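Letter by letter, the chains look like this.
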Amino acid sequence: QGFIDSLNFTSEKVSLPWKYDSLNIDICKIFLKNALIPDDSVTISTPFFVKIPDARISRLGHDGQSYQITQWFPKPAVYDANGWNEMPYLDQGEFYSEFGSFDVYITLPANYVVGATGDLVDNPAEEQWLNQKSVETSQIKTYNKNDKSFPASSNELKTLHYFQKNVHDFAWFADKRYHVLKSNVVLPYSGRNVTTWVMFTNRHAEQWKNANEYVNDAIFYYSKWIGEYPYNQATAAEGALSAGGGMEYPNITVISASGDSLALETVVMHEVGHNWFYGMLGSNERKNPWLDEGINSFYEYRYLQTKYLGSTMYLGKLKKVLKLPEHIERVERELLYLITARTKSDQAATLSAPLYSTINYGGIVYEKSAVSFYSLMEYLGESTFDSIMKIYFETWKFKHPQPGDLKNIFKKCTTKNTDWFFNGLLGSTGKIDYSVNGISRIKSETEDSFNISIKNKGSIQAPFELCVYENKNKISSQWYDGFNGKKKIKLSTGSFDVVRINPDNNMPEISRKNNTYQRKLFPKIEPIRFQPIINLEDPEHTQVFYSPAIAYNKYNGFMAGAAFYNGFIPAKKVQYYIIPMYGVADKKLTGIAHADYSIYLRNFLLQKITVNTGISTFSYSESPMQLSFFRNYFGADVSFRPVNSRSSVSTTASITHYIINKQIAAYVKTGTENIPVRETKNYTVNQFKFKIEDQRVINPYSAEFTAEQNKDFMKCFVVLNQKINYSKPRKSLDIRLFAGSFIYSEANSLYDYRFRLSGTPGTKDYLFSSYFIGRSEGSGLLSQQFAENDGAFKSPTILGQTSDWMLALNLKSSLPGILPLKIFVDMGTVKGYKNNGENAIFYMDAGVQLSIIKNIFDIYIPLLYSSEIKSNFDLNNITFAEKIRFTLNIEKLNPFSLVKSIK
């Protein structure tokens, strides 16, 4: 894991007292001998020893003999207008460091290639060696991506001297395998040359061989739009990275694996761009991440718009297939904001980094900020916007600007009001939502004109663009200042058929479904568009998506059909899916359907209320004839708001009413024969659940209370789960505790609602809530499937079935090695089951679990059992193979449920 120690601070050869921070182990405070007054200075020195950690767990680290040396020395905290900024280093919020000059000497084996902050000082031999490697690399035709081996280190050492002023960090990367390419870029205003380097291994060389272009273009465009790059060199190096695709440092960036060339270019230019906002301006990224990541993401967005007319590293290859809009990059970024904005779980863009949920840190700080700045630029005009940003850069470079400094410069440099932007769009969770409500002709003998009725349904008075079309051609476009309520805008043209607000998605609106008004009989009715699989939201159509659907169980056989649904992301108030299928074996229509309506809230207690309903019907038996069930449910779910957005704790409650119509076999006597006939029986079950879950990375846990009831029974049970992580990745001890009791139970009930020590087989799944391949099988492989609930014993015993009470403890522990194996131990006691006339007090089994697909498809092999279970096996001649059981939790792969779990 690594560490830094051996600190001993001195000044003028006198030891200084110091102590560690009481809360953060990576912060210490030094006590000077004399007070340091303004304009005075002091020299402080310390030795330090660094143990380099594994690169998989830290941004400082080594991957074999490849080294990424960052955050590697004691750094002074920044003292700015707000006082001292002592803070631990975090992956979310990263840096805030003080400007200075770095004079660094690095000694290492002579065959290491090094990329570093700063200029290489007085070393013509090293420069010549790097130049020669660049020539050799440029002549390579093909790279062996499978060759990741390190050459032996040279016995000869070299010392490299680097110097750089006006930077606030120093990072360096060293690898003996690096290929090197050298280039240069001419700055747009001064004409000065900046040397650029890229350093990479065989592994992703095909993407990296053109990477000089990405560094060059980033430096050129950022210099053109903001202010010129003041340093002599810039480097992009490939390296292991435990947090994200790339990481910025002065003059140099480290990039991990990228899927393709466009993805690599996007990350390279974004990280190079950080030289301006993280680097030269030195914004406090912890306190004001939007000043760095937000503005830099806007320029990344602008770069892609300028160079590639809106290409995207995520959906670019699907643009034609999915009929995506022209400005796909814009829509894609807006989508990440809408995921939480639609559910009212978004946050203002101006918070400090530690306050954000993980999804909001990306969707708000990066993406909403990027789209918002693009909206501001479109409103002000590119030339005005660029001149303001240049003034901001020249005024505040190397000075740690605060948010108010940027806002004041905009206020001084334009007569247009930007409060809607800084206070509303960035500074709040308010929404932009304009709608076109109608068009009316203005009766006049002198002109043919119209009034366009616009309503601001949102809470931000943002300016908006209104465009007029005829035959799909834009004939006019104009920006208007924002307002509250309703307003009529005069349109002095008589020849048009469509008006549209925000036509190019230049501002992050919460909904664009109401932006278009067409001069036709039904001006607001959107035509239905059937689309395969999935697509981005289309404000001009009502989208119905479809995809093939296949399924299998023993009784319906293979089932084929289609799924119809109204999309996944972003969330919609009304969500539905309908999946009709046809069973090949029984030639019956089967399938499932679900619909829900969600109300999203922003108060101190509740986050979401959802009412839902659904149906499903399948065959469940073929003995003595084909029998089927019809399951209907309706209910409501409540999600409680977490104590803060960073909380990993979620609290939910639900109440559901199930109606089960189940065909059973009855016998009618005809002559001397009993002829089986189908009869339909129905029953209902009311269920209440309350669940608290902490999905923290270390030692997560959950607690769930369930109550079920109908006229024949009422029972309650609690399930507690606790994971205790081991030091090895993905290794843990899993603890499950079950406690349940019946309040009442009708002895002559037609259905069996008892608790079961060995979980639920398909024949006893009275809510039909789990997927079973052979639900009614009593023998053979398919009968060995079970649902891991109730007592969750893995042994297939009939012992421990009760309408009284049950208590069970289930333990699973990972085993060393790479195989997905665990050992399990189950212990439990049950009241109400007699064994040889005595109450069975204690049951136990133990064995091995093999996870084929974790938590989806698990195989259990019992090896040890308590005497009662063993006696029951012997009595019924249960073979070793028949004791093996498996779970198949396909319902956990439901994509609609997975999307709803995003928060």
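Residues numbered from 1 in each chain as written. Predicted model: local features only at pLDDT ≥ 70, side-chain atom pairs only at ≥ 80, totals over all residues. Heavy atoms only, no water.

## Re a nonpolar patch on the surface
To be explicit about the condition: Residues enter a patch when their relative accessible area is above 30% and they make no salt bridge; the linking distance is 9 Å between like charges and 5 Å between nonpolar side chains (Val, Leu, Ile, Met, Phe, Trp, Tyr). Only the protein chains shown count as cover for residues, and all accessible areas are computed by the Shrake-Rupley method using a 1.4 Å probe. One side-chain nitrogen of Lys or Arg within 4 Å of one carboxyl oxygen of Asp or Glu is enough to make a salt bridge. Elements are defined by DSSP. Helices are runs of H or I of four residues or more, strands are runs of E of two residues or more, and each kind is numbered from the N terminus. Each residue's exposure class comes from its accessible area (1.4 Å probe, protein chains only) as a fraction of the maximum for that residue type: buried when under 20%, exposed when over 50%, partly exposed otherwise.
Side chains of L32, L36, V42 and I44 sit close together on the surface and give an oily, nonpolar patch of about 290 Å² of accessible area. Mapped onto the elements, I44 comes out in the loop between strand 5 (28-30) and strand 6 (49-51). For I44, a relative accessible area of 39% translates into the label partly exposed.

## Focus on the sheet that holds strand 13 (residues 119-120)
The strands making up a sheet associate through backbone hydrogen bonding, with each pair oriented either parallel or antiparallel. Short version of the rule: When DSSP finds two or more bridges between two strands, those strands count as paired.
If you walk across this open sheet you meet the 3 strands as 11-14-13, and the pairing is antiparallel. Strands with a single pairing partner mark the edges of an open sheet, and in this sheet they are strand 11 (100-109) and strand 13. By the bridge criterion, 9 bridges tie strand 11 to strand 14 (residues 157-167) in an arrangement that is antiparallel. In the strand pairing of strand 14, T107 is matched with T159.

## Here we look at unusual backbone geometry
The omega angle of the peptide bond from S623 to P624 is 5°, so this bond is cis rather than trans. By the secondary structure assignment, P624 is in the loop between strand 33 (606-621) and strand 34 (627-640). Unlike most non-glycine residues, D39 shows phi in positive territory, near 70°. In this fold, D39 is placed in the loop between strand 5 and strand 6. Of note in the backbone geometry, N251 takes a positive phi value of approximately 70° without being a glycine.

## Describing the packing of helix 5 (residues 289-308) against helix 7 (residues 358-380)
How we decide: Note on definitions: angles span 0 to 180 degrees between N-to-C directions of axes, and those axes are lines fitted to C-alpha atoms, for helices only across the stretch in contact. For classification, angles of less than 35 degrees are called roughly parallel, those exceeding 145 degrees roughly antiparallel, those between 65 and 115 degrees roughly perpendicular, and all remaining angles oblique. Here is the rule for handedness: rotate from the far helix to the near one, and if that takes an anticlockwise turn smaller than a right angle the crossing is left-handed, while a clockwise turn gives right-handed. By definition in these notes, contact holds between two residues if any of their heavy atoms fall within 4.5 Å.
As a packed pair, helix 5 and helix 7 sit with axes 8 Å apart at the nearest point and diverge in direction by 60°. Taken together, helix 5 and helix 7 sit at an angle that is classed as oblique. For helix 5 against helix 7, the interelement crossing comes out right-handed. Facing P289, W290, E293, G294, I295, S297, F298, Y301, R302 and Q305 of helix 5, the residues of helix 7 in contact are Y361, V365, Y366, S369, A370, V371, F373, Y374 and M377.

## Digging into the packing of aromatic side chains
The criterion, for reference: Pairing of aromatic side chains here covers Phe, Tyr and the six-membered ring of Trp, requires ring centres within 6.5 Å, and sorts the geometry by plane angle: under 30 degrees stacked, over 60 edge-to-face, intermediate tilted. For a ring to carry a charge above it, either NZ of a lysine or CZ of an arginine must fall within 6 Å of the ring centroid while also lying within 35 degrees of the normal to the ring plane.
This structure, assessed with the given rule, holds 69 aromatic pairs. Taken together, a centroid distance of 6.1 Å and an interplanar angle of 50° make the contact between F173 and Y249 tilted. Here Y249 lies in strand 19 (residues 246-249) and F173 lies in strand 15 (residues 172-175), a separation of 76 residues in the sequence. Both rings, one in Y379 and one in W479, keep their centres 5.8 Å apart while their planes meet at 55°; by these two values the pair is tilted. Taken together, the residues span a long stretch of sequence, with Y379 in helix 7 and W479 in strand 24 (residues 473-480) at a distance of 100 residues. The cationic tip of R302 hangs over the ring face of W225; the distance from NZ or CZ to the ring centre is 4.3 Å. The residue whose ring lies beneath K794 is Y860, and the NZ or CZ to ring-centre distance is 5.4 Å.

## Re the environment of S375
Checked against the element boundaries, S375 lands in helix 7. Sequence separation between S375 and L7 is 368 residues; the distance between their C-alpha atoms is 50 Å. Ignoring sequence-local partners within four residues, the contact set of S375 consists of W420, W479, N506 and M507.

## What about the pattern of salt bridges?
All told, the structure shown has 36 salt bridges when counted by the stated rule. Among the salt bridges present, the one from R56 reaches D54, with a minimum N-O distance of 3.0 Å. Since its relative accessible area comes to 69%, R56 is described here as exposed. For E777, the salt bridge identified is with K554, shortest N-O distance 2.8 Å. One end of the pair, E777, is in the loop between strand 41 (760-761) and strand 42 (786-787); the other, K554, is in the loop between strand 29 (542-553) and strand 30 (557-565), with 223 residues separating them in the sequence. When its relative accessible area of 19% is taken as the criterion, E777 is described as buried. Under the relative-accessibility criterion, K554 is labelled partly exposed at 30%.

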